[in-house]
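# A look at the structure
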Amino acid sequence: MWPLVESLSAPLDSRKSTLVNEAAKYRYRSGNEYDCGGLTVRAPWGAVGHGGHYHSQSPEAFFAHVPGLKVVIPRGPTQAKGLLLACLRDRNPCIFFEPKILYRMASEDVPMMDYTLPLSQAEVLRQGNDVTLIGWGTTVHVLLEVAEMAQAELDVACEVIDLQTIMPYDAATVEQSVKKTGRAIVVHEAPLTSGFGAELAARIQEHCFLHLEAPVQRVTGWDTPFPYIYEPFYMPDKWRVFEGIKKAVDYM
């Protein structure tokens, strides 16, 4: 039996205290004698087009800062099934964020058989030698579209990485890619300041500094509450990412 909790919103109310102060520390407090029995919490995440300042938030950075929790965000149905089953079979507490906009828009032929996708392993969706684009969840689809634009209009080959697991994340894949391309852009819907992109930018700076041809960039939401009517101006859309690519390749 696998304990699975379904939340109707990202757990930022009283459930956050239970996850942060109890579930995440249960194994540590017991000296590794007990665990949470594979506890997984499903919760909707991210912009949906009309969610406003409550229901369009992206709180992955909150939970990534809690040792003991695993944070996973799939980009589509096939990844959702494989990653969710992996979370259920993991003995550590997992938060499985589901991009809300995919509930209405995503359609795939998902394999019927039982399968899992490895946690803490990023996926390189497109190979490239000029710029590394890193994202998760819905943002990955934006990055794939921008990579096509950059190839067609700038003759720039972008490598696209879906991080999939936010914590603990696959630093090795990120570093290997940036050392090859020399340029990195991290894209997420959450606000800029202290978003998870800051962790990735710091990691790249520390471990790939001598390979960088341009500063690491972050293309993100703004440091404001998520607006309702102005959502299109808040989101890191393909045009903002495209400008980031031009800035990266034109640096110096």
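Quick note: structure is the one above.
No experiment lies behind these values; they were computed from the predicted model shown. (Residues numbered from 1 in each chain as written. Predicted model: local features only at pLDDT ≥ 70, side-chain atom pairs only at ≥ 80, totals over all residues. Heavy atoms only, no water.)

### Focus on helix α7 (residues 139–154)
End to end, α7 covers 21 Å across 16 residues, agreeing with the expected 22 Å (1.5 Å per residue, within 8%). The set of residues buried in α7 consists of Thr 139, Val 140, Leu 143, Val 146, Ala 147, Met 149 and Ala 150. At the C-terminal side of α7, Asp 155 shows a positive phi close to 55°. (Helix = DSSP H or I, 4+ residues; strand = E, 2+ residues; numbered from the N terminus. Expected span 1.5 Å × (residues − 1). Buried < 20%, exposed > 50% of the residue type's maximum accessible area, 1.4 Å probe, protein only.)

### Details of the sheet that holds strand β7 (residues 158–162)
Strand order across the open sheet formed by 5 strands is β5-β7-β6-β9-β10, with mixed pairing between neighbours. The outermost strands of the open sheet, each flanked by one partner alone, are β5 (123–126) and β10 (217–221). With direction set aside, neighbouring strand axes in the sheet form an average angle of 25°. Direction of pairing for strand β9 (residues 184–191) relative to β10: parallel, over a ladder of 5 bridges. Bridging across to β10, Ile 185 finds its partner in Gln 217. (Pairing = 2+ DSSP bridges. Axes fitted to C-alpha atoms, helices over the stretch in contact; angles between N-to-C directions.)

### Side note on the packing of helix α8 (residues 171–181) against helix α9 (residues 196–208)
Taken N-terminus to C-terminus, the directions of α8 and α9 make an angle of 60°; their axes are 10 Å apart at the nearest point. As the angle between them shows, α8 and α9 are arranged oblique. By crossing handedness, the relation of α8 to α9 is classed as right-handed. Across the interface between the two elements, Ala 171, Val 174, Glu 175, Val 178 and Lys 179 from α8 touch Arg 203, Ile 204, His 207 and Cys 208 from α9. (Parallel < 35°, antiparallel > 145°, perpendicular 65-115°, else oblique. Left-handed = near helix turned anticlockwise from the far one by under 90°. Contact = heavy atoms within 4.5 Å.)

### Topic: the side chain of Thr 132
Along the polypeptide, Thr 132 turns up in strand β6 (residues 131–135). At 2.7 Å, the side chain of Thr 132 forms a polar contact with the side chain of Ser 177. Not counting residues up to four positions away in its chain, the partners in contact with Thr 132 are Glu 159, Ile 161, Ser 177, Val 178, Thr 181, Arg 183, Ala 184 and Ile 185. (Polar contact = N/O pair within 3.5 Å; in protein donor to acceptor, adjacent residues only side chain to side chain.)

### Focus: the sheet that holds strand β2 (residues 40–45)
Strands sit in the order β1-β2-β4-β3-β8 across an open sheet of 5 strands; the sheet is mixed. Because the sheet does not close on itself, it has two edges, and the strands there are β1 (4–6) and β8 (165–167). Each strand of the sheet is rotated relative to its neighbour by a mean of 25°, with strand direction disregarded. Direction of pairing for β1 relative to β2: parallel, over a ladder of 3 bridges. What sits directly across from Val 5, in β2, is Val 41.

### A few points about the pattern of salt bridges
Between side chains of opposite charge, a pair can form when the charged atoms approach closely. Under the criterion given, the structure shown has 12 salt bridges. Residue Arg 29 pairs with Glu 22 through a salt bridge whose shortest N-O separation is 3.1 Å. Accessibility expressed as a relative area gives 59% for Arg 29, which makes it exposed. Residue Glu 22 is classed as partly exposed on the basis of its relative accessible area of 40%. A salt bridge links Glu 123 to Arg 75; its shortest N-O distance comes to 3.1 Å. Remark: Arg 75 occurs in the loop between β3 (70–72) and α5 (77–89) and Glu 123 occurs in strand β5; sequence separation between them is 48 residues. We classify Arg 75 as buried; its relative accessible area is 10%. (Salt bridge = Lys/Arg side-chain N within 4 Å of Asp/Glu carboxyl O.)

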